[in-house]
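Structural overview
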Amino acid sequence: MFTFDSRIRYSETDSDGKLTIEALLDYFQDCSTFQSEDLGVGFAYLRQRNMIWVLSSWQVVVDDFPQVCDHVTIGTYPYDFKGCFGYRNFFMKDKEGNVLARANSLWTLLYMDSFGPAHPTEDMLHQYEMEPRMDMNYAGRKISVPEGASMMDSIIVQKQHLDTNHHVNNGQYVRMTMEYLPDRFVIRQMRAEYKKQAHLHDILYPYAVCKRGVNNQDIWVISLRGEDDKVYVNVEFEGKIKE
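Residues numbered from 1 in each chain as written. Predicted model: local features only at pLDDT ≥ 70, side-chain atom pairs only at ≥ 80, totals over all residues. Heavy atoms only, no water.

1. Some details on the overall build of the chain
- Along its length, the chain carries four helices and 11 strands.
- For a compact globule of 243 residues, the expected C-alpha radius of gyration is about 18 Å, and the chain comes in at 18 Å, within 12% of that figure.
- The 243 residues of the chain split such that 51% are buried.
- When the accessible surface of the chain is summed, it comes to about 12,400 Å², and 47% of that surface belongs to carbon and sulfur atoms.
- Averaging the coordinates of the 26 positive side-chain charges in the chain and doing the same for the 35 negative ones gives two points 2 Å apart. (Helix = DSSP H or I, 4+ residues; strand = E, 2+ residues; numbered from the N terminus. Rg over C-alpha atoms; globule rule 2.2 N^0.38 Å. Buried < 20%, exposed > 50% of the residue type's maximum accessible area, 1.4 Å probe, protein only. Areas by Shrake-Rupley, 256 points an atom, 1.4 Å probe, with all protein chains shown as cover. Lys, Arg positive; Asp, Glu negative; His and termini not counted. Charge placed at Lys NZ, Arg CZ, Asp CG, Glu CD.)

Pasting the structure below:
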């Protein structure tokens, strides 16, 4: 297991002074990056072998969002490798050790030139210590879009949306889709299924729809598609409007 301590910054919070879901994803992604770099199997190691890890799906469950200046601990560990797939859990805890959020994620190891599937090297399998998967209610990876979705204004991919792999960062997709949630919507679970990579100047067409979930929760599904109607990402937010 790899952990690091941090403190919630003002720049990471919303109008209520609480951590945003996008910032939470950034913490999780940074945590896995720190672990890989410290183990010597990070960016440089992968590039030398023409490899790249691509995020395929997120499931993030939030019990409570920390507030500005709160002290938190972020942790992660892989729990399985299957072929080109890597499975990884994440968590964020407060200073008393209470779990604030937990997540499951699926990553795909690809060759950079062909984007064909790759397999972890012996070094990677040796360095990453597997741990039992986290106790949480695991949802399926696939996200279906209910009928009746409305198309919103298109989005042009800009430079600020890109990461070191020169495609839209997974967190940026979430930022884009959150624009279509109602004001003061409190997220309790977020799922994302990444299907296609978007690059600079690509045009994304958002489709948004809401359905009623259990326990009086609303479920918003936002699908970002291309001109050919092929899906880049489907994102599902479960929660309700704060009264």
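2. Here we look at the pairing of strand E5 (residues 99–111)
- By the criterion of burial, E5 is predominantly enclosed, with 11 of the 13 residues buried.
- Looking at chain direction, strand E2 (residues 51–62) and E5 are connected through 11 bridges and run antiparallel. Residue Val62 lies in a different strand from E5, and its bridge partner there is Ala101.
- By the bridge criterion, nine bridges tie strand E4 (residues 85–94) to E5 in an arrangement that is antiparallel. Opposite Tyr87, over in E5, you have Leu106 as the bridge partner. (Pairing = 2+ DSSP bridges.)

3. Brief notes about the environment of Met92
- Mapped onto the elements, Met92 comes out in strand E4.
- Counting along the chain gives 68 residues from Met92 to Leu24, while the straight-line C-alpha distance between them is 8.4 Å.
- Sequence-distant contacts of Met92, that is, excluding residues within four places in its chain, are made with Leu19, Leu24, Tyr27, Phe28, Pro66, Val72, Thr73, Ile74, Asn98, Val99, Leu100 and Ala101. (Contact = heavy atoms within 4.5 Å.)

4. Focus on the environment of Thr33
- Take Thr33: it is sitting in helix H1 (residues 21–38).
- Between the C-alpha atom of Thr33 and that of Val60, which follows or precedes it by 27 residues, the distance is 18 Å.
- Polar side-chain contacts of Thr33 include one of 3.0 Å to the backbone oxygen of Gln29. (Polar contact = N/O pair within 3.5 Å; in protein donor to acceptor, adjacent residues only side chain to side chain.)

5. Some points on the side chain of Thr108
- Within the element layout of this structure, Thr108 appears in strand E5.
- By relative accessible area, which is 10% here, Thr108 ends up buried.
- In this structure the side chain of Thr108 is engaged in a polar contact, spanning 2.6 Å, whose partner is the side chain of Ser56.
- Once residues lying within four places of it in the same chain are set aside, the contact partners of Thr108 are Ile52, Trp53, Val54, Ser56, Cys84 and Phe85.

6. Overview of the nonpolar core
- Among the nonpolar cores identified, the biggest contains 57 residues, and Phe28, Trp58, Val60 and Met190 are the most heavily contacted of them.
- With seven residues, the single largest contributor to this core is H1.
- Those residues within four positions of Trp58 in sequence are excluded, and the remaining contacts are Leu25, Phe28, Phe90, Ala103, Asn104, Ser105, Asn170, Met190, Arg191, Ala192 and Tyr194.
- If you look at the next biggest cluster of nonpolar residues, it comprises five residues, including Tyr77, Tyr79, Met134 and Met136. (Core = buried A, V, L, I, M, F, W, Y, C linked by side-chain atoms within 4.5 Å.)

7. Remarks on the packing of aromatic side chains
- In total, this model carries nine aromatic pairs according to the counting rule given.
- Aromatic rings pair up to connect Phe4, Tyr27 and Phe34 into one cluster.
- The ring of Tyr45 has Arg49 sitting right over it, with the charged end atom 3.6 Å from the ring centre.
- Across from the ring centre of Phe91, 4.9 Å away, lies the NZ or CZ of Lys93, which sits over that ring. (Phe/Tyr/Trp six-rings, centres within 6.5 Å; stacked < 30°, edge-to-face > 60°. Lys NZ or Arg CZ within 6 Å of the ring centre and 35° of its normal.)

8. What to know about the side chain of Gln217
- Its location among the elements puts Gln217 in the loop between strand E9 (203–212) and strand E10 (218–225).
- Those residues in contact with Gln217, other than ones at most four positions away along the chain, are Arg188, Lys211, Arg212, Glu238, Gly239 and Lys240.

9. A closer look at H1
- End to end, H1 covers 26 Å across 18 residues, agreeing with the expected 26 Å (1.5 Å per residue, within 8%).
- Of the positions making up H1, those classed as buried are Ile21, Glu22, Ala23, Leu24, Leu25, Tyr27, Phe28, Gln29, Cys31, Ser32, Gln35 and Ser36.
- Phi for Gly40, located one or two positions after H1, is positive at around 80°. (Expected span 1.5 Å × (residues − 1).)

10. Notes on the pattern of salt bridges
- Counted by the stated rule, this structure contains 13 salt bridges.
- Where Lys82 meets Asp80, a salt bridge forms, and the shortest distance between an N and an O atom there is 3.9 Å.
- The partly exposed category is assigned to Lys82, whose relative accessible area is 48%.
- By relative accessible area, which is 26% here, Asp80 ends up partly exposed.
- A salt bridge links Lys196 to Asp228; the shortest N-O distance between them is 3.7 Å. In this pair, Lys196 sits in the loop between strand E8 (185–194) and E9 while Asp228 sits in the loop between E10 and strand E11 (231–241), placing the two residues 32 residues apart along the sequence.
- The partly exposed category is assigned to Lys196, whose relative accessible area is 33%. (Salt bridge = Lys/Arg side-chain N within 4 Å of Asp/Glu carboxyl O.)

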